[in-house]
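Descriptive analysis of the structure
Each chain, written out:
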Amino acid sequence: MLIKKPASIPSSEITPQSVYLNRRKFLAGVSLAGAALATGRGLLEMVSPLTTVQAGAKLNAVLKSPFSTPEKQTPYNDVTHYNNFYEFGTSKEAPAERARNFKTSPWTLSIEGLVNKPRTYDLDAILKIAPLEERIYRHRCVEGWSIVVPWIGFPLNALLKQVEPLSKAKFVAFQSFYDPQQMPVARYAGIPFPYVEGLRMDEALHPLAILCVGMYGETLPNQDGAPIRLVVPWKYGFKSIKSVVKIRFVEQQPPTTWNLATPREYGFYSNVNPNVDHPRWSQAKERRLGEFFKRPTLMFNGYGDQVAQLYAGMDLRKNF
Amino acid sequence: MKSILTAKWIKVPVFLLCLVPLGLLLWRGLHHGLGANPIEFITHATGDWTIRFVVITLSITPARKLLGQPHLIRFRRMLGLFAFFYGCLHFTTYIWLDKFFDVAEMIKDVEKRRFITVGFTGFVLLIPLAVTSTAGWIRRLGGWRWQMLHRLIYLTAIAGVVHYYWLVKSDVRKPLQYGGMVALLLAYRAAAWVSEKRNRLAVDTAAAEEPPTAENA
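Residues numbered from 1 in each chain as written. Chains lettered and ligands numbered in written order. Predicted model: local features only at pLDDT ≥ 70, side-chain atom pairs only at ≥ 80, totals over all residues.

1. Things to note about the overall build of chain B
If you tally the helices and strands in chain B, you get ten helices and zero strands. Seen in sequence order, chain B has helices and strands lined up from the N terminus as α-α-α-α-α-α-α-α-α-α. Computed over the C-alpha atoms, the radius of gyration of chain B is 21 Å, more than 25% above the 17 Å expected from 2.2 N^0.38 for a compact globule of 217 residues. Once the C-alpha set of chain B is aligned to its principal axes, its extents read approximately 80 × 45 × 35 Å. When each of the 217 residues of chain B is scored for burial, the buried share is 22%. Nonlocal contacts in chain B, meaning residues at least 24 apart in sequence, comprise 66% of its contacts between residues at least 6 apart. (Helix = DSSP H or I, 4+ residues; strand = E, 2+ residues; numbered from the N terminus. Rg over C-alpha atoms; globule rule 2.2 N^0.38 Å. Buried ≥ 20, exposed ≤ 12 C-beta atoms within 10 Å, placed from the backbone. Contact = placed C-beta atoms within 7 Å.)

See the structure below:
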C-alpha cells in the first residue's frame, strides 16, 4: 500500500464548490479516508481530507470501469445545479440551495426483509462493502434531458452478496430519507414521501446497477443524493433513488413513488425507451445538458447490449 | 393620478416596462444566466410572461371600475399586444429550439399532447385579437362585434392555465395560482354581467309598473 500525501493541492484543482463548505463533507472525508486505509484495496494515492475540506471530500483509490462511457462528461456545475430532488423543492435550482444544510452524518442504511443477514450499515461500513469504482454513465431523465456523470460507487450486487437474500425474495425495495423538519417544502411537491423505489431481483443483481457514494472524484453533494444513492443507468433517472436509508427484500413487487402519484404515467419498470412515450410528451429525443440540438434517445439508454435480456419476451409497452 | 394616466408620454415608460422581461432574458443569455438547460429556461420564462400579460390585460377592466380609474383603458391594447408578443416568443421557442421546425413532429404533438393542443389553441385565438386591435378594425367591425370577438381572450386565459396545469409533473401550485387569478377576473365579469342584467330588469319592471300614462292608456 502506497500512501502519498502531497503537501498541498493547488486551488485550481478544487472544483468550484465553495457552496459545499460544510462539516458533513469533512466528516465524510475522514471516514472515507479511514475506510480506504482499512480496506487498502486499489489504494494508489490519497489526499488528506484536511486539505480538501473546502471541496467535497476527495475520493481516491477509485478503480476505472469498462462500463464507463467515453462520452463528454456534463460540467459539474450543471449536475449540481439542475436537480430533481423533490424533498428539497420542485424547481431544478431549489435542491442546491435547500439541501445545503441537509444533515447526512451520522447515516445508517438498514437492510431488512427476506435476507439471511439483516443488518444496519453506517457509512464507514458501506464504504467497506466493495472497492470503489468510477462509472461514467449516461443518465436520462423522464422529462427529456440527459447528462453524463462520473459516478463513484460499487455494484449493488456486492451488498446483496453480503446480506444473502433468501430465495423467496423476488424484489428489492428502496426507501429515501425523509424528515419534514429538514425538508419543509416537501409537502408541496405533490408526491408522497418518503420516496420509495424498487427493482426486480435480477435487475438488482445486474452489474450495471450501483450504489453510489460520490461523483467527479468526490463524495456526493447533498443535492445529488448524499451520502448514498442508487444509480440504474438504463432506467429513467427517478428510479435512481437518492439518500437511501432502507433496503428491503420482498416477495411482491414493491410500490414506487411516481407510480403511486400517477400510475398512468409512470410504471414500475421505467426503462428508458424511445418507442414508448410518456402520455404527455415524446420520449424519442432528449436534450443533453450543454448541447443545443436534441439527440435521439437510445433503447435502454444505450445499455441494451447489457440489459435487454432481462426483459426478453416482455411487452415493454405494457410494462412501461 | 388621473393626470398621469392621461398624459401623452406615459405610454412610453409603460411600453419599456413591458420589455423588461425580454431584456432580462437577453441579459441572462449573454451572461450565462440561463442555467444548465437554457432552452427550457427560455421556454418557461416566455410562457410565464405570456400568461402574466394575459392576466394583466384582463385586470384592466375590473381595475378601472374598482379603482375608479377609467383612463387605464389607454393601456389595455398595449398590454394585450404584449401578451401576444410573449406568446409569439414562447411559440417560436417551441417550434425552433424544441422541435427545430420538424413539422411532422409538431403535428403529432398538437394531435397527441393535450397540453400542447390547448396551449396552441390559446395562442391561435390571440391572433385575430392582435390583428383587429387597431382603431380601424374597431370601426370596421363596430363596437359590439369587436367586443364580442375580443372576449376570445377569456378562452385564451383558460387555455393558458390548463396548458400549464397539464404540463407540470406534480407540483401544481403555480398553475393553480394563475388559475385562481383568471377565475377571479372572469368571476368579476360574470358578477358584473348578472348585476347589470338585474338592474336592467329592475328598470324594465319599474317602467312596466309605472301607472299608465295618458299616452298608452
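There is more to say, and it comes next.
2. Here we look at the overall build of chain A
When you go through chain A residue by residue, the secondary structure sums to eight helices and twelve strands. Counting only contacts in chain A whose residues sit at least 6 apart along the sequence, the fraction spanning at least 24 positions is 71%.

3. Overview of the interface of chain B and chain A
Facing the twelve residues of chain B at the interface are 17 residues of chain A. Its residues assigned to classes, the side of chain B that touches chain A comprises six nonpolar, three polar and three charged. (Nonpolar A, V, L, I, M, F, W, Y, C, P; charged D, E, K, R; others polar.)

4. A closer look at helix α2 (residues 11–30) of chain B
Residue and element names in this part refer to chain B. The end-to-end C-alpha distance of α2, which contains 20 residues, comes to 28 Å, matching closely the 28 Å that a straight helix rising 1.5 Å per residue would cover. At V20, α2 shows its largest bend, some 40°, and a proline, P21, comes one to four positions later. Of all 20 residues that make up α2, one are buried, and the element is exposed over most of its length. Remark: H32 follows α2 within two positions and exhibits a positive phi of approximately 55°. (Expected span 1.5 Å × (residues − 1). Bend = angle between axes of the 7 residues up to and from the residue.)

5. Here's the deal with the sheet that holds strand β10 (residues 244–250) of chain A
Each strand in a sheet pairs with its neighbour through backbone hydrogen bonds, running either in the same direction (parallel) or in the opposite one (antiparallel). Residue and element names in this part refer to chain A. As summarised here, the arrangement of the five strands in space is β2-β1-β10-β5-β6, forming an open sheet in which the pairing is mixed. Across the chains shown, the open sheet's two edge strands, defined by having one partner strand only, are β2 (119–122) and β6 (196–200). Looking at each pair of strands side by side, their axes are set apart by 20° on average, direction ignored. (Pairing = 2+ DSSP bridges. Axes fitted to C-alpha atoms, helices over the stretch in contact; angles between N-to-C directions.)

6. Digging into unusual backbone geometry
Omega for the bond connecting F193 of chain A with P194 of chain A falls within 30 degrees of zero, at 0°, which places this linkage in the cis form. Relative to the elements of secondary structure, P194 of chain A occurs in the loop between β5 (171–176) and β6.

7. Section: the environment of L5 of chain B
Residues and elements named next belong to chain B. By secondary structure assignment, the location of L5 is in helix α1 (residues 2–6). A count of 14 C-beta atoms within 10 Å places L5 in the partly exposed class. Separated by 35 residues in sequence, L5 and E40 place their C-alpha atoms 37 Å apart. Not counting the four nearest positions on each side in its chain, L5 is found in contact with I10, Q69, H71, L72 and R74.

8. Notes on the pairing of strand β11 (residues 285–288) of chain A
All names here are of chain A. Bridging between strand β4 (residues 145–155) and β11 involves two bridges; their strand directions are parallel. Bridge pairing in β11 places W145 opposite R287. The antiparallel pairing of β11 with strand β12 (residues 295–296) creates a hairpin that spans six residues between the two strands, and G290 there sits at a positive phi of about 95°.

9. Regarding the confidence of the model for chain A
Considering every residue of chain A, the mean pLDDT works out to 88; 83% of them sit at 70 or more. Per-residue pLDDT stays below 50 along residues 9–55 of chain A; that stretch engages in 82 contacts with residues further than four places along the chain or on separate chains. (pLDDT = per-residue confidence, 0-100.)

10. A few points about helix α3 (residues 38–67) of chain B
Every α-helix winds through 3.6 residues per turn, so residues three or four apart in the chain are directed the same way. Residues and elements named next belong to chain B. Its 30 residues give α3 an end-to-end C-alpha distance of 40 Å, which sits within 8% of 44 Å, the value for a rise of 1.5 Å per residue. Where α3 bends most, at I60, the angle is about 35°, and the proline P62 comes one to four residues later. Just downstream of α3 lies G68, where phi reads positive at about 65°.

11. Description of the packing of helix α4 (residues 76–98) of chain B against helix α6 (residues 114–131) of chain B
A packed helix pair is summarised by two numbers, namely the angle formed by the two axes and the spacing between the axes. Residue and element names in this part refer to chain B. It is the contact of α4 with α6, at a shortest axis distance of 10 Å, that shows an interaxial angle of 140°. Put simply, α4 runs oblique to α6. Where α4 crosses over α6, the two elements pack in a sense that is left-handed. Residue-level contacts link G80, L81, A83, F84, G87 and F91 of α4 to F123, L126, L129 and A130 of α6. (Parallel < 35°, antiparallel > 145°, perpendicular 65-115°, else oblique. Left-handed = near helix turned anticlockwise from the far one by under 90°.)

12. Let's talk about the confidence of the model for chain B
Per-residue confidence for chain B gives a mean pLDDT of 92; residues scoring 70 or more make up 95%. Across the interfaces of the predicted complex, the ipTM metric reaches 0.84, alongside a pTM of 0.84.

13. What about the pairing of β2 of chain A?
Residues and elements named next belong to chain A. Note that strand β1 (residues 108–113) and β2 share four bridges and pair antiparallel. In the sheet register, I111 faces β2, and the bridge partner there is R119. Where β1 folds back onto β2 in an antiparallel hairpin, the turn is made up of five residues.

14. Here we look at the packing of α3 of chain B against helix α10 (residues 173–209) of chain B
Residue and element names in this part refer to chain B. At their nearest, the axes of α3 and α10 sit 10 Å apart, and the two run at 25° to each other. For the element pair α3 / α10, the angle class is roughly parallel. Regarding α3 and α10, the two cross each other, and that crossing is left-handed. Side by side, α3 and α10 meet where I51, V55, L58, S59 and P62 of the first sit next to Y178, M181, V182, L185 and Y188 of the second. Partitioning the contact of α3 with α10 into residue classes produces nine nonpolar, one polar and no charged.

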